[in-house]
Amino acid sequence: MIAEALEIARSIRARDPARPTVAESVLCYAGLHAVLWHRLAHRLWRAGLRAPARCVSHLSRFLTGIEIHPGARIGRRLFIDHGMGVVIGETAEIGDDVLIYHGVTLGGLTLKPGKRHPTLEDGVVIGAGAQVLGPIRIGRGARVGANAVCVDPVPDGVTVVGIPARPPGKPCEDPTAGYGIAPGALESVEERMAALRAEIAALKERLSLRA
């Protein structure tokens, strides 16, 4: 457990622009705590101790704001950034080096037993507020944009955005575009306003110098 905590902490330091120290990551990152609690809950679940497993999962949700069903399968170095409001369903499967932002749901679309939740391959990034629903596969290195609703499989390395989630038409090579927005594809109104304000300020400064 200690070795895994350190492994996740180093992964967080490598991927988080805030560059927290390893100690900071271990002590202060709810996503790391949620994964460690899940390891215990998952072991209890696989041992057939379902009530204790659910109790551990419930305690983890109370402490971290992240709900992971004890039946979910999670690979190595999962980084749940911020984390509040993340829900991961029972039959979800998550590969290695996956990045999930806050408000994400890996949910199901049916009440029938069996595989109901998504499979995320290695290196997947799921943006804030995204809903990935059903027994679909999100391919290796794929990205799902912020607030997207994804109900169809996503091929390896593809970025999808919107409702329903579809490729934006431009490649997304920047790893920080974990919110799934290809460079320049979906510029927000706030960003445009900020650019205009900066341009107006620069023009005012040039006019004042001429005066």
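Here the structure is shown first, and the text comes after it.
Description of the structure in this document. Computed from a predicted model, the values in this text were never measured in an experiment.

**Structural notes on the pattern of salt bridges**
Going through the model one piece at a time under the given rule, you end up with eleven salt bridges. The salt bridge partner of R39 is E4, with a shortest N-O separation of 2.7 Å. Taken together, the positions of R39 in helix α3 (residues 30-46) and E4 in helix α1 (residues 2-15) put the pair 35 residues apart, joining distant regions of the chain. Where R137 meets E121, a salt bridge forms, and the shortest distance between an N and an O atom there is 3.2 Å. Here the residue R137 occupies a position in strand β11 (residues 137-138), and E121 occupies one in the loop between β8 (119-120) and β9 (125-126), the gap between them amounting to 16 residues. On the basis of relative accessibility, which here comes to 35%, the residue R137 falls in the partly exposed class. By relative accessible area, E121 is classed as partly exposed at 24%. Several salt bridges share partner residues, and in doing so they unite E7, R76, R77 and D97 into one network.

**Brief notes about the packing of aromatic side chains**
Inspection of every chain in the model, using the stated rule, returns one aromatic pair. Residues Y29 and F79 carry aromatic rings whose centres are separated by 6.4 Å and whose planes lie at 45° to one another, so their mutual orientation is tilted. Here the residue Y29 occupies a position in the loop between α2 (22-28) and α3, and F79 occupies one in strand β3 (residues 79-80), the gap between them amounting to 50 residues. Side by side, Y29 and F79 carry an identical accessibility label, which is buried. Against the face of W45 rests R50, its NZ or CZ located 4.1 Å from the ring centre.

**Some details on the packing of α3 against helix α4 (residues 50-64)**
One way to put it is that α3 packs onto α4 with a least axis distance of 8 Å and a crossing angle of 175°. Between α3 and α4, the crossing angle belongs to the class labelled roughly antiparallel. Every residue of α4 that contacts α3 at A30, H33, A34, W37, L40, A41, L44 and W45 is listed here: R50, P52, A53, R54, V56, S57, L59, S60, L63 and T64. Across the contact of α3 with α4, the residue classes tally to twelve nonpolar, four polar and two charged.

**A look at the sheet that holds β3**
Taken in spatial order, the five strands line up as β3-β6-β9-β12-β14 in an open sheet, and their pairing is parallel. Only two strands of the sheet have a single neighbouring strand rather than two, namely β3 and β14 (159-160). Sheet topology places strand β12 (residues 143-144) next to β14; two bridges connect them, and they run parallel. Bridge pairing links R143 to T159 in β14.

The rules we used
Residues numbered from 1 in each chain as written. Predicted model: local features only at pLDDT ≥ 70, side-chain atom pairs only at ≥ 80, totals over all residues. Heavy atoms only, no water. Salt bridge = Lys/Arg side-chain N within 4 Å of Asp/Glu carboxyl O. Helix = DSSP H or I, 4+ residues; strand = E, 2+ residues; numbered from the N terminus. Buried < 20%, exposed > 50% of the residue type's maximum accessible area, 1.4 Å probe, protein only. Phe/Tyr/Trp six-rings, centres within 6.5 Å; stacked < 30°, edge-to-face > 60°. Lys NZ or Arg CZ within 6 Å of the ring centre and 35° of its normal. Axes fitted to C-alpha atoms, helices over the stretch in contact; angles between N-to-C directions. Parallel < 35°, antiparallel > 145°, perpendicular 65-115°, else oblique. Contact = heavy atoms within 4.5 Å. Nonpolar A, V, L, I, M, F, W, Y, C, P; charged D, E, K, R; others polar. Pairing = 2+ DSSP bridges.

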